[in-house]
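Now for the letters of each chain:
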Amino acid sequence: LVNRMHAGVRSPGRYSAYDTDLQLWVAATLAHNGEWFYERVLGPLDAASREQIYRDSWIFGTALQVTADDWPQTRAAFDDYWADALTRLEPDPIVQDYCRRLLSGEDSPLVARPVLALQSLMTRGNLEPQVREVLALPWTPREQRLYDLFWRVFPRVYRLVPRPLRQLHTTIILRDLRRRLRTGKRVI
């Protein structure tokens, strides 16, 4: 399913969704950020849990044209890959403009803009500072204060919400996915 959807994701001479190096970066980003978010909301992971999450994250790569041999073979190798990959990011005016437009919400309906403003703040705030710089995304001291305030309040509130309610969105999506697979309907 992913391969079929990625077939049209390309820009001749610039990008292909079948580029293993780029897809490794995408998969590593999903793995790294998922773990980061978990710890930010629910607290630190022990070493065994961290290792298990790393191992389970291989599926991100294998779903994105990354072979098991291309995925860093140990947690330490993954951490080294991540640190090195951050140093290799390069500014690209086309990507910078796309990110700016995507996060500005300028083309969105008026009623959606407050939610998009929070989404933009969180997206930019969750990025490593050097990634924000490469993408030329603005970040002010005021935005840093708002971001810090969010992370002081959100985890406490989130942990008060009963788990079935916190997971309701995921449960609905998985049920729909399973129904679509069972009935042969389009998934993506």
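Before any of the text, the structure's been laid out above.
In this report, the structure presented in the accompanying data block is examined. Keep in mind it's a predicted model, so treat the numbers as computed, not measured.

In this approach, a probe sized like a water molecule rolls over the atoms, and the result shows the empty space that is left. For the structure shown, the criterion picks out one cavity of 30 Å³ or more. The space that makes up the largest cavity amounts to roughly 30 Å³. Lining the largest cavity are Ala-31, His-32, Glu-35, Ile-53, Tyr-54, Ser-57, Arg-75 and Phe-78. If you list the elements that add at least two residues to the lining of the largest cavity, you get helix 2 (20-42), helix 3 (47-56) and helix 5 (75-88). Counting residues per element, the lining of the largest cavity draws most heavily on helix 2, at three residues. Residues that form the lining of the largest cavity fall into these classes: four nonpolar, two polar and two charged.

A few words now on the packing of aromatic side chains. Going through the model one piece at a time under the given rule, you end up with 13 aromatic pairs. Between the aromatic rings of Tyr-147 and Trp-151, the centroid separation amounts to 6.4 Å while the plane-to-plane angle is 70°, which identifies the pairing as edge-to-face. Taken together, the residues span about one helical turn, with Tyr-147 and Trp-151 both in helix 9 (residues 141-160) at a distance of four residues. Look at Trp-151 and you get buried, because its relative accessible area is 8%. Three or more aromatic residues joined by ring pairs form one cluster here, namely Trp-36, Phe-37, Trp-139, Tyr-147, Phe-150, Trp-151, Phe-154 and Tyr-158.

Moving on: the nonpolar core. Ranked by internal contacts, the top residues of the largest apolar core, which has 18 residues, are Leu-24, Ala-28, Trp-71, Phe-78, Tyr-81, Leu-135 and Leu-137. Among the elements of the structure, helix 2, helix 5 and helix 6 (93-104) are those that each provide at least two residues to this core. For this core, the element with the highest residue contribution is helix 5, accounting for five residues. With six residues, the next largest nonpolar core counts Val-41, Leu-121, Trp-139 and Trp-151 among its residues.

Now for helix 9. Between its first and last C-alpha atoms helix 9 spans 30 Å; for 20 residues at 1.5 Å apiece the expected length is 28 Å, and the two agree. Helix geometry: helix 9 is bent most strongly at Phe-154, by close to 25°, with proline Pro-155 lying one to four residues after it. Looking only at helix 9, the buried set comprises Glu-143, Tyr-147, Trp-151 and Pro-155. As for helix 9, its buried residues are in contact with helix 2 and helix 7 (113-126).

What follows concerns the layout of surface pockets. Approximately 1,600 Å³ is the volume attributed to the largest pocket. Lining the largest pocket are 38 residues, and of these Trp-25, Val-26, Leu-89, Val-95 and Leu-135 sit closest to its centre. Looking at the lining of the largest pocket element by element, the count peaks at nine residues for helix 2. For the lining of the largest pocket, the per-class residue count stands at 24 nonpolar, eight polar and six charged. Taken as a whole, the second largest pocket encloses approximately 170 Å³ of empty space. Looking at the second largest pocket, the residues that line it are Leu-1, Val-2, Leu-177, Leu-181, Val-187 and Ile-188. Partitioning the lining of the second largest pocket into residue classes produces six nonpolar, no polar and no charged.

Cut-offs and rules
Residues numbered from 1 in each chain as written. Predicted model: local features only at pLDDT ≥ 70, side-chain atom pairs only at ≥ 80, totals over all residues. Heavy atoms only, no water. 1 Å grid on protein atoms, 1.4 Å probe; cavity = no way out; pocket = protein on both sides within 12 Å on 5 of 7 lines; lining within 4 Å. Points joined across faces, edges and corners; volume = space filled by probe spheres on them. Helix = DSSP H or I, 4+ residues; strand = E, 2+ residues; numbered from the N terminus. Nonpolar A, V, L, I, M, F, W, Y, C, P; charged D, E, K, R; others polar. Phe/Tyr/Trp six-rings, centres within 6.5 Å; stacked < 30°, edge-to-face > 60°. Buried < 20%, exposed > 50% of the residue type's maximum accessible area, 1.4 Å probe, protein only. Core = buried A, V, L, I, M, F, W, Y, C linked by side-chain atoms within 4.5 Å. Expected span 1.5 Å × (residues − 1). Bend = angle between axes of the 7 residues up to and from the residue. Contact = heavy atoms within 4.5 Å.

Geometric values such as these leave the question of function open.
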